[in-house]
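A structural walkthrough
Here is how the chains run, residue by residue.
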Amino acid sequence: MVWRACRSGLRSKKGAIEQLYTAAPTGSVVICLDEMGPQACKSYPGQRLVAPAGPKAERARQEIDYDRRDVAGYVFGALQPVTGAAFTATYLGRTTANWLDFLGRVEAWVDPAVERVYAVLDNLSTHTAVNVLLFNLAHPRWEFVFQPKYAAYLNLIEPWWKVLRSLALKGRRFDAWAEIEQAVEQATAYWNAHKHPFIWGRRRRHRAPKRFGVAALSKVALI
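Residues numbered from 1 in each chain as written. Predicted model: local features only at pLDDT ≥ 70, side-chain atom pairs only at ≥ 80, totals over all residues. Heavy atoms only, no water.

1. Some words on the overall build of the protein chain
The helix and strand tally for the protein chain stands at 6 helices and 5 strands. Ordered by position from N to C terminus, the α and β elements of the protein chain give α-α-β-β-β-α-β-α-β-α-α. Across the 223 residues that make up the protein chain, the buried fraction comes to 35%. For the protein chain, long-range pairs separated by at least 24 residues make up 76% of all intrachain contacts whose partners lie at least 6 apart in sequence. Counting only carbon and sulfur atoms, one obtains 55% of the accessible surface of the protein chain, whose full area is about 15,200 Å². (Helix = DSSP H or I, 4+ residues; strand = E, 2+ residues; numbered from the N terminus. Buried < 20%, exposed > 50% of the residue type's maximum accessible area, 1.4 Å probe, protein only. Contact = heavy atoms within 4.5 Å. Areas by Shrake-Rupley, 256 points an atom, 1.4 Å probe, with all protein chains shown as cover.)

Below you can see the structure in the form of structure tokens.
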């Protein structure tokens, strides 16, 4: 009962977001917004080719790195699910000022011919600040659609973060925050050159149909 009380309005909010993903109004665009981080300057586990050192095969070893260098920062991202186009920007802090700056850059990134911008995002305090409300008043084509708590899966940028980490961070070592910024910029450009849509409701993995084993009992009434 307590869980149901905390999740009041979940079904209607989820339905509204699903409606935007599947049948957005004509002349509008849906954008998923979020932040990734903090990302530290360190070695990120990954896979790479290992040249054989001798006649016998040797086990590949992962570099041990307990040291964090330079500063940590955040990657702000915007994703258009219908086309897969993405926009990223790096900041040292997840502050309201940085969020407003990012919204302004996203506004310039969106086609001016778009009449309505539906921004799907979470309820982080920086997303609901007074200055963000003023931004909304100054840009009337924007409408913020807040996802319910504990429902990050409703934001389609979440699976795209995994793609970005794989392209920009996985298997690499960073000694400075500027190196991460450059890696994120290059990874975003590569993604936009090979992008694909993120379709709501599509299964990510193929599941083989269940097959009955030898010990399975048939649905026959025994007398």
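This is not the end of the story, as more comes after the structure.
2. Re helix α2 (residues 10–22)
The terminal C-alpha atoms of α2 lie 18 Å apart, and with 13 residues this matches the ideal 18 Å at 1.5 Å per residue to within 8%. Buried within α2 are the following residues: L10, I17, L20 and Y21. Looking straight down α2, one finds that the buried residues subtend no more than 105 degrees of arc, so they occupy a single side. Every exposed residue of α2 that faces more than 90 degrees away from the buried side is listed here: R11, S12 and T22. (Expected span 1.5 Å × (residues − 1). Arc of directions from axis to C-beta.)

3. Re a nonpolar patch on the surface
A surface patch of nonpolar side chains, about 420 Å² in accessible area, is lined by V130, L133, L134 and L137. Note that L133 resides in helix α4 (residues 130–138). (Patch = residues over 30% accessible without salt bridge, like charges linked within 9 Å, V, L, I, M, F, W, Y side chains within 5 Å. Salt bridge = Lys/Arg side-chain N within 4 Å of Asp/Glu carboxyl O.)

4. Some remarks on the pairing of strand β4 (residues 116–121)
β4 sits mainly inside the fold: 5 of its 6 residues count as buried. Looking at chain direction, strand β1 (residues 28–41) and β4 are connected through 5 bridges and run parallel. Note on β4: the bridge partner recorded for C32 is V120. Chirality of the crossover, the property in question, places the unit of β4, α4 and strand β5 (residues 142–146) among those that are right-handed. (Pairing = 2+ DSSP bridges. Right-handed = clockwise from strand over helix to strand, strands pointing away.)

5. Things to note about the pattern of salt bridges
Going through the model one piece at a time under the given rule, you end up with 4 salt bridges. Between R141 and E107 there is a salt bridge; the shortest N-O distance is 3.2 Å. Of the two residues, R141 is situated in the loop between α4 and β5 and E107 in helix α3 (residues 96–109); the sequence distance between them amounts to 34 residues. The shortest N-O distance in the salt bridge between E143 and R116 comes to 3.0 Å. Of this pair, E143 sits in strand β5 while R116 sits in strand β4, placing them 27 residues apart in sequence.

6. Quick notes on the packing of aromatic side chains
For the coordinates displayed, the defined rule picks out 14 aromatic pairs. Plain terms: the ring middles of F87 and F102 are 5.9 Å apart, the flat faces sit at 25 degrees to each other, and that makes the pair stacked. Of this pair, F87 sits in strand β3 (residues 86–91) while F102 sits in helix α3, placing them 15 residues apart in sequence. In terms of burial, F87 and F102 fall into one category: buried. Joined through ring pairs, the aromatic side chains of F76, F87, Y91, W99, F102 and W109 make up one cluster. (Phe/Tyr/Trp six-rings, centres within 6.5 Å; stacked < 30°, edge-to-face > 60°.)

7. As for the confidence of the model for the protein chain
For the protein chain, the mean per-residue pLDDT works out to 85, and 76% of the residues sit at or above 70. The low-confidence segment residues 1–6 (pLDDT under 50) makes 0 contacts with residues lying over four places distant or belonging to another chain. (pLDDT = per-residue confidence, 0-100.)

8. Observations regarding unusual backbone geometry
Of the consecutive residues G37 and P38, the connecting peptide bond is found in the cis state with omega at 5 degrees. In this fold, P38 is placed in strand β1. Although it is not a glycine, Y150 adopts a positive phi angle of roughly 60 degrees. Within the secondary structure layout, Y150 lies in the loop between β5 and α5 (157–168).

9. Concerning the side chain of T88
Tracing the backbone through its elements, the reader meets T88 in strand β3. Within the local environment of T88, its side chain forms a polar contact with the side chain of T188, the two groups lying 2.8 Å apart. Setting aside residues up to four positions removed in sequence, T88 forms contacts with V75, F76, G77, W160, L164, V184 and T188. (Polar contact = N/O pair within 3.5 Å; in protein donor to acceptor, adjacent residues only side chain to side chain.)

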